[in-house]
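Each chain, letter by letter, is given below.
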Amino acid sequence: MLRKSEHPEQREVLEPIVVHPEKVGKQTGVVKVATPDAFTYGPKGVELPKYDPESFPESDRVKIPKESTFIDHDGLLYSVAVDLKRGKVPMMWGPSGVGKTQLARHMAFLMQVPFERIPLGETSEREDVTGHYELKGSTTEWVQSRLARSFGRPGVICIDEWNAAPPAVLHVARPVLDDSAQLALDAYDGRILLKHEHNFVIATGNPDWMPQYAGLLPLSEADADRLSHISVGWPETVIEAEILLNHIKSRDLDRVPAWQVVCGLMAWQDLRSNIDDGSLGITAGTRSLMNFVELLQYHPVREAMSKVYERMDSQSFSKVMHVLDHHNWDKYQNPTATDLIAESEDPIVELLSRISEEGDDVG
Ligand SMILES: Nc1ncnc2c1ncn2[C@@H]1O[C@H](COP(=O)(O)OP(=O)(O)OP(=O)(O)O)[C@@H](O)[C@H]1O
Ligand SMILES: [Mg+2]
């Protein structure tokens, strides 16, 4: 639906409608993100808006994360916050399961705004970005995409696997990356959506240069140039130990020996060095390690590992299983990880102190 121009001499020229940002949500203050080195909020920290979740309509409110288990590492939180502050789209690159999507969700948690995850991939279509017409009775109606709807409201939009989408999709989505902060819906009636000043877009992608993501096309120069790139690596052991202990506690995995958590941390390091030197084309992010540790509650070690990795060619799988044999998993059954958490003043330090002992056992 085009509106006739108001200008008397252009009476017949049809102008596209401009859709202004919506007035939803009430900002109550700011959230401060500290620089990674200082740990306290200093002059170089950044401030992002903080909203009152109750001020959103229910359809938005249910998308505001109520809690977040994300643990920052390598200054990622600060890097992302700075990009958002500057109006840039951060693009997080990293292997599967290292917390990229989790970090985007965490930003929404900090600001208490709706989190919208738009997964892109080989099968994505342009309509996923813009919207589509739907036949309703005898008329067709335009159904707005989630991305387009969210664009004019406070929120975090996480465009997941940006680089996996077909070129036609990237083409319509490209303006989302621009400073112009507009999205034109050509397929609708050319209307122009203006972005809400507190709508933040975050993109993620798996590195096309890693062999396990063969098939992904490199990002076009045009897209790459618009984004602010952040590389997300394997988390440090101390971070991962904390993530694992938190998970064990929240799921009450009371049968997992603390010792096997140590072995798990070490085994994943071995897997990663094989991945990094190109000899193993699998992925070994924190997600798979958490999954493995959770399975130890129910299965013996080898079976737990099969559940995580028995999906690949037999050569890779036997390499994975070989990594297991480097560790003496049954050395201690006690304490369990939950006992360690309950009894120790600093369970993470305690857990990590066992790693040196574990090293003696590698055979
Ligand atoms: N830093 C972290 N803090 C807390 N949990 C984490 C962290 N990193 C990873 N995890 C855990 O690992 C899971 C996977 O993380 P996430 O889905 O964000 O990975 P991803 O990098 O987006 O992977 P993919 O490329 O497959 O989409 C999360 O659900 C979370 O439980
Ligand atoms: Mg993800």
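Please refer to the structure placed before this passage.
This next bit is on the sheet that holds strand S12 (residues 191-194). Here we have three strands laid out as an open sheet, ordered S3-S12-S11, and mixed in their pairing. Whereas interior strands pair on both sides, the edge strands pair on one side only; in this sheet they are strand S3 (18-19) and strand S11 (182-185). As judged from the two bridges shared by S3 and S12, these two strands associate in the parallel manner. The residue bridging Val18 from the neighbouring strand is Ile192, located in S12.

Before going further, it helps to spend a moment on the packing of helix H9 (residues 258-276) against helix H10 (residues 286-295). At a closest axis distance of 10 Å, the pairing of H9 and H10 adopts a crossing angle of 150°. Between H9 and H10, the angle is such that the two are roughly antiparallel. Read as a crossing pair, H9 and H10 show a hand that is right-handed. Packed against H9, whose contacting residues are Val261, Gly264 and Trp268, the element H10 presents Leu289, Phe292 and Val293 at the interface. Of the residues assigned to the contact of H9 with H10, the class counts are five nonpolar, one polar and no charged.

Turning to its location among the elements, Thr28 is positioned in strand S4 (residues 26-33). Taking C-alpha positions, Thr28 is 46 Å from Lys307, a pair spaced 279 residues apart along the chain. For Thr28, the contacting residues outside a window of four places in its chain are Lys50, Tyr51 and Asp52.

Rules and cut-offs
Residues numbered from 1 in each chain as written. Chains lettered and ligands numbered in written order. Predicted model: local features only at pLDDT ≥ 70, side-chain atom pairs only at ≥ 80, totals over all residues. Pairing = 2+ DSSP bridges. Helix = DSSP H or I, 4+ residues; strand = E, 2+ residues; numbered from the N terminus. Axes fitted to C-alpha atoms, helices over the stretch in contact; angles between N-to-C directions. Parallel < 35°, antiparallel > 145°, perpendicular 65-115°, else oblique. Left-handed = near helix turned anticlockwise from the far one by under 90°. Contact = placed C-beta atoms within 7 Å. Nonpolar A, V, L, I, M, F, W, Y, C, P; charged D, E, K, R; others polar.

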